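Okay, here's what each chain looks like letter by letter:
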Amino acid sequence: MHDQTLRAPVRTLAAVLLGIAIALIVAPAAMAEEGGGLPHVSVNIHDQASLQRGARLFMNYCVGCHSLKYLRYSQMADGLGLTEKQVMDNLNFTGAKFGAPILSAMPEADAEKWFGKAPPDLSLEISAKGSDWVAAYLKSFYLDPKTASGWNNTVFPNVAMPFPLWQLQGEQVPVLGKAENGEPAPVESLSLAHPGSMTPAQYDQAVRDLTAFLTYVSTPDALERSHIGAWVVLYLVLFTLFALVLKKEYWKDVH
Ligand code: HEC
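Throughout what follows, the structure given in this document is the object of discussion. Note that this is a predicted model, so its numbers are computed, not measured.

Our next topic: the coordination of the iron atom of the ligand. For the iron atom of the ligand, the full set of protein donor atoms is His66 (NE2) and Met161 (SD), and the range of their distances to it is 1.9 to 2.1 Å. Angles of 88 to 179° at the metal separate the six donor atoms of the iron atom of the ligand, which places the site in the octahedral class. Here His66 is found in the loop between helix H2 (48–61) and strand S1 (68–72), whereas its partner Met161 is found in the loop between strand S4 (151–153) and helix H8 (166–169), with 95 residues between them in sequence. For His66, a relative accessible area of 11% puts it in the buried group.

Neighbouring the ligand are 21 residues; Cys62, Cys65, His66, Glu125 and Met161 lie closest to it. A distance of 2.8 Å is found between a nitrogen atom of the ligand and a side-chain nitrogen or oxygen belonging to His66. Between the ligand and Lys129 there is a distance of 2.7 Å, counted from an oxygen atom to a side-chain nitrogen or oxygen. Elements that contribute at least two residues to the shell around the ligand include exactly helix H6 (125–129) and helix H7 (131–138). Broken down by class, the residue content of the shell around the ligand amounts to 17 nonpolar, one polar and three charged.

Another aspect to go through is the nonpolar core. Among the nonpolar cores identified, the biggest contains 47 residues, and Phe58, Met76, Phe213 and Tyr216 are the most heavily contacted of them. Contributions of two or more residues to this core are made by H2, S1, helix H3 (73–80), H7, helix H9 (200–218) and helix H10 (221–254). The greatest single-element share of this core, amounting to nine residues, is contributed by H9. With near-sequence residues (within four places) excluded, Phe58 lies in contact with Val63, His66, Leu68, Leu122, Leu210, Phe213 and Leu214.

Before going further, it helps to spend a moment on H3. Because each turn of an α-helix spans 3.6 residues, side chains separated by three or four positions end up pointing in the same direction. Of all the residues in H3, the buried ones are Tyr73, Met76, Ala77, Gly79 and Leu80. Buried residues in H3 make contact with H2, S1, helix H4 (84–90), strand S2 (101–102), H9 and H10. Of the residues trailing H3, Gly81 is marked for its positive phi of about 65°.

The next point concerns the packing of H2 against H9. For the pair H2 and H9, the least separation of the axes is 7 Å and the interaxial angle reads 95°. Comparing the axis directions of H2 and H9 gives the class roughly perpendicular. Counted together, Ser50, Leu51, Arg53, Gly54, Ala55, Leu57, Phe58 and Met59 of H2 and Gln205, Ala206, Asp209, Leu210, Ala212, Phe213, Leu214 and Tyr216 of H9 form the full contact between these two elements. A breakdown of the residues in the contact of H2 with H9 according to their chemical character gives eleven nonpolar, three polar and two charged.

Attention now goes to the pattern of salt bridges. Applying the stated criterion across every chain, the model contains six salt bridges. With a closest N to O distance of 3.8 Å, Lys113 and Asp110 form a salt bridge. Here Lys113 pairs with Asp110, and both are found in helix H5 (residues 108–115), just three residues apart, close to one helical turn. Note on Lys113: relative accessible area 64%, which makes it exposed. A salt bridge links Glu249 to Lys252, with the nearest nitrogen and oxygen atoms 3.0 Å apart. Of the two residues, Glu249 and Lys252 are both situated in helix H10; the distance of three residues between them amounts to about one turn of the helix.

The next subject is unusual backbone geometry. Most peptide bonds take the trans configuration, and most residues that are not glycine carry a negative phi. In this structure, Asn158 takes a positive phi of about 60° despite not being glycine. Even without being a glycine, Asn181 presents a positive backbone phi close to 50°. Positionally, Asn181 belongs in the loop between strand S5 (170–176) and strand S6 (187–195). With relative accessibility at 76%, the residue Asn181 sits in the exposed group.

The rules behind these values
Residues numbered from 1 in each chain as written. Predicted model: local features only at pLDDT ≥ 70, side-chain atom pairs only at ≥ 80, totals over all residues. Heavy atoms only, no water. Donors = N, O, S within 2.8 Å, 3.2 Å for Na, K, Ca; no water. Tetrahedral: all angles 85-135°; square planar, octahedral: opposite > 155°, others 65-115°. Helix = DSSP H or I, 4+ residues; strand = E, 2+ residues; numbered from the N terminus. Buried < 20%, exposed > 50% of the residue type's maximum accessible area, 1.4 Å probe, protein only. Near = heavy atom within 4 Å. Polar contact = N/O pair within 3.5 Å; in protein donor to acceptor, adjacent residues only side chain to side chain. Nonpolar A, V, L, I, M, F, W, Y, C, P; charged D, E, K, R; others polar. Core = buried A, V, L, I, M, F, W, Y, C linked by side-chain atoms within 4.5 Å. Contact = heavy atoms within 4.5 Å. Axes fitted to C-alpha atoms, helices over the stretch in contact; angles between N-to-C directions. Parallel < 35°, antiparallel > 145°, perpendicular 65-115°, else oblique. Salt bridge = Lys/Arg side-chain N within 4 Å of Asp/Glu carboxyl O.

Remember that the coordinates give geometry; whether it matters functionally is a separate question.
Put into structure tokens, the structure is as follows:
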């Protein structure tokens, strides 16, 4: 009898604990997935060569419209292991000072007039959308005569951005599915109608480099943090040892 009454609450408690444990395991995994079914792209912000190639692509193809206002050229030099001269000669085409933030030369009002939308600052783009989304977006432009720019995008339908990397990737065209209920035929996949200067594998790598660079831009302190991390752990270990010794010392007198 006594046993019976106890068992139910114990079982409930066990179920709740199990639920919490599962939530703790599943939630971070679900959050890490972020892309919502988009293919996962592995970027490595500790690969300096990849970051440098990504920065070069950004400065050649993106900074004309997009700013990285939370990052200074000087900070980027530190993060990417480049000298001031290397950055000023190869990665700064706007004439900005070395200590200045990376700003687009295009006035926002003009951009809005030309594209109908101002190109957003991309400093925090990866934090907002995730690296999988950005990589997929850069691979999903296709020719569409119905849009103002002549380009459309399966990841960002009717995007106002003209595809800046078409010479590298080439021109994709949509493979349409069946039109139903008077709706326009859905885009099922994209096919490369005219190859660009890069092979698909080279273009994948370029997108990975660009995405790695933007990931670094979203979290420039991450590079430094991973160095500091080891010291923090060492400090905590030493502090714990110290606290244990101290505790022993105090209790000796009490006993
Ligand atoms: C000619 C101007 C122009 C260039 C060059 C350009 N973009 Fe854009 N970009 C835009 C505009 C305009 C938008 C806003 C699109 C919209 O909201 O419909 C945009 C939007 C974006 C977005 C989506 C932002 C969001 O979350 O809403 C990303 C990511 C992006 N651009 C990345 C890039 C990258 C990377 C490059 C360089 C390879 C680049 N862009 C080059 C004009 C440009």
